[in-house]
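# Breakdown of the fold
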Amino acid sequence: MKKKILEIIKKKTFLLYKVIIVTSGLLKFLNKINQKKKYENFSSNLDNINKKEYRITSQNNEDGIINFIFSELQLDKLNFVEIGFDFYQNNSLSLLKKSKKGLFIDGDEKKVLILKNIVKILYPRKNLIIQNHLVDVDNINNLIKQNFEASDEVDFLSIDVDGMDYYLFEGIDFSPKLICIEYNFWFGKNLKCVAPYKKNYKVESLSEYVGSSLRALIELAKLKGYHLVALESACVNAFFIRDDLKHKFDILDINKSFKEPIKFNKQAINQVQKKLIAKELFYLDEKTE
């Protein structure tokens, strides 16, 4: 009902629509960023870096891991790119105070409109760019080049597009220091596979048949000069550090560090995996091992 009313207002008086969604969005944003840190582990088999986990504005425990890694890198000012976001909850909001330049990109026009206005109100002196695009392998590098000079190194890249993350990582021609990217734990630790690429991909409804296995992502990361340093305990995001910085961190072994959410039992996980294997998947060439 609320969505229908907003759509009617939007068609009749866009300015009023904008005031309503920006005001409610601002209140939601302020409530989120002013929350206390939340500490909760969502899986067992934790690594040392999982002791650093907490969340404020991230969906899961990414905030703590990101803060720890950049503290170890001794970076006080940084550039970031967030591909796929919610205006009040994403991996880069915790970096706003220490950012030199930040780029947010999402295909949802409403989220972009709200975050643009929040930034104007709360961070008027910050160099923050919010754009409405569906990011794909054909435009990702141009979008970065349009907003960052060749001398502007991207320190942090977060890819959260609920499905085509692997292909975006594969397609980038720049090398951030740290990359946070979603994987699909339902594929397990042994499969090296990814769901087929779809241009102009939009998430209609969440499904287990999406994204890539962690092993496939690790293999791609190695080819691009990155190493796995963290798996947050919600089993959603993997963190990869650039090769020249790996000496500062413990590099994780998937066979030892792979995690499964405690909210699912092993039988349920095995049942979903059997269904996934029956679907169309692209398996990486074993010769790349």
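Before any of the text, the structure's been laid out above.
So, here's what we can say about the structure. (Residues numbered from 1 in each chain as written. Predicted model: local features only at pLDDT ≥ 70, side-chain atom pairs only at ≥ 80, totals over all residues. Heavy atoms only, no water.)

## Notes on the sheet that holds strand β3 (residues 128–132)
- Taken in spatial order, the 7 strands of this open sheet run β3-β2-β1-β4-β5-β8-β7, and their pairing is mixed. In this open sheet, the two strands that pair with only one neighbour each are β3 and β7 (226–231). Strand-to-strand twist of the sheet, defined as the mean angle between neighbouring strand axes without regard to direction, takes the value 15 degrees.
- Summarising the sheet, β7 and strand β8 (residues 237–242) pair through 5 bridges and their orientation is antiparallel. Paired with A230 across the strands is F239, a residue of β8.
- Sheet strands touched by helix α4 (residues 109–122): β2 (99–106) and β3. Its angle to β3, the strand with the most contacts, is close to 160 degrees.
- Across the sheet, helix α5 (residues 140–147) is in contact with β1 (78–83), β2 and β3; its angle to β2 comes to roughly 145 degrees. (Pairing = 2+ DSSP bridges. Helix = DSSP H or I, 4+ residues; strand = E, 2+ residues; numbered from the N terminus. Axes fitted to C-alpha atoms, helices over the stretch in contact; angles between N-to-C directions. Contact = heavy atoms within 4.5 Å.)

## What about the pairing of β2?
- Counting buried positions along β2 gives 7 out of 8 residues, so the element sits mostly inside the fold.
- Summarising the sheet, β1 and β2 pair through 6 bridges and their orientation is parallel. From the neighbouring strand, I83 faces β2, where its bridge partner is I105. (Buried < 20%, exposed > 50% of the residue type's maximum accessible area, 1.4 Å probe, protein only.)

## Structural notes on a positive patch on the surface
- The grouping of K2, K3, K28 and K110 at the surface amounts to a positive patch.
- Mapping K28 onto the fold places it in helix α2 (residues 14–33). (Patch = residues over 30% accessible without salt bridge, like charges linked within 9 Å, V, L, I, M, F, W, Y side chains within 5 Å. Areas by Shrake-Rupley, 256 points an atom, 1.4 Å probe, with all protein chains shown as cover. Salt bridge = Lys/Arg side-chain N within 4 Å of Asp/Glu carboxyl O. Lys, Arg positive; Asp, Glu negative; His and termini not counted. Charge placed at Lys NZ, Arg CZ, Asp CG, Glu CD.)

## Things to note about the side chain of N147
- Here N147 is to be found in helix α5.
- On the basis of relative accessibility, which here comes to 11%, the residue N147 falls in the buried class.
- One polar contact links the side chain of N147 to the main-chain carbonyl oxygen of L143, over a distance of 2.7 Å.
- In this view, N147 contacts K101, L103, I129 and Q131; residues no more than four positions away in its chain are not counted. (Polar contact = N/O pair within 3.5 Å; in protein donor to acceptor, adjacent residues only side chain to side chain.)

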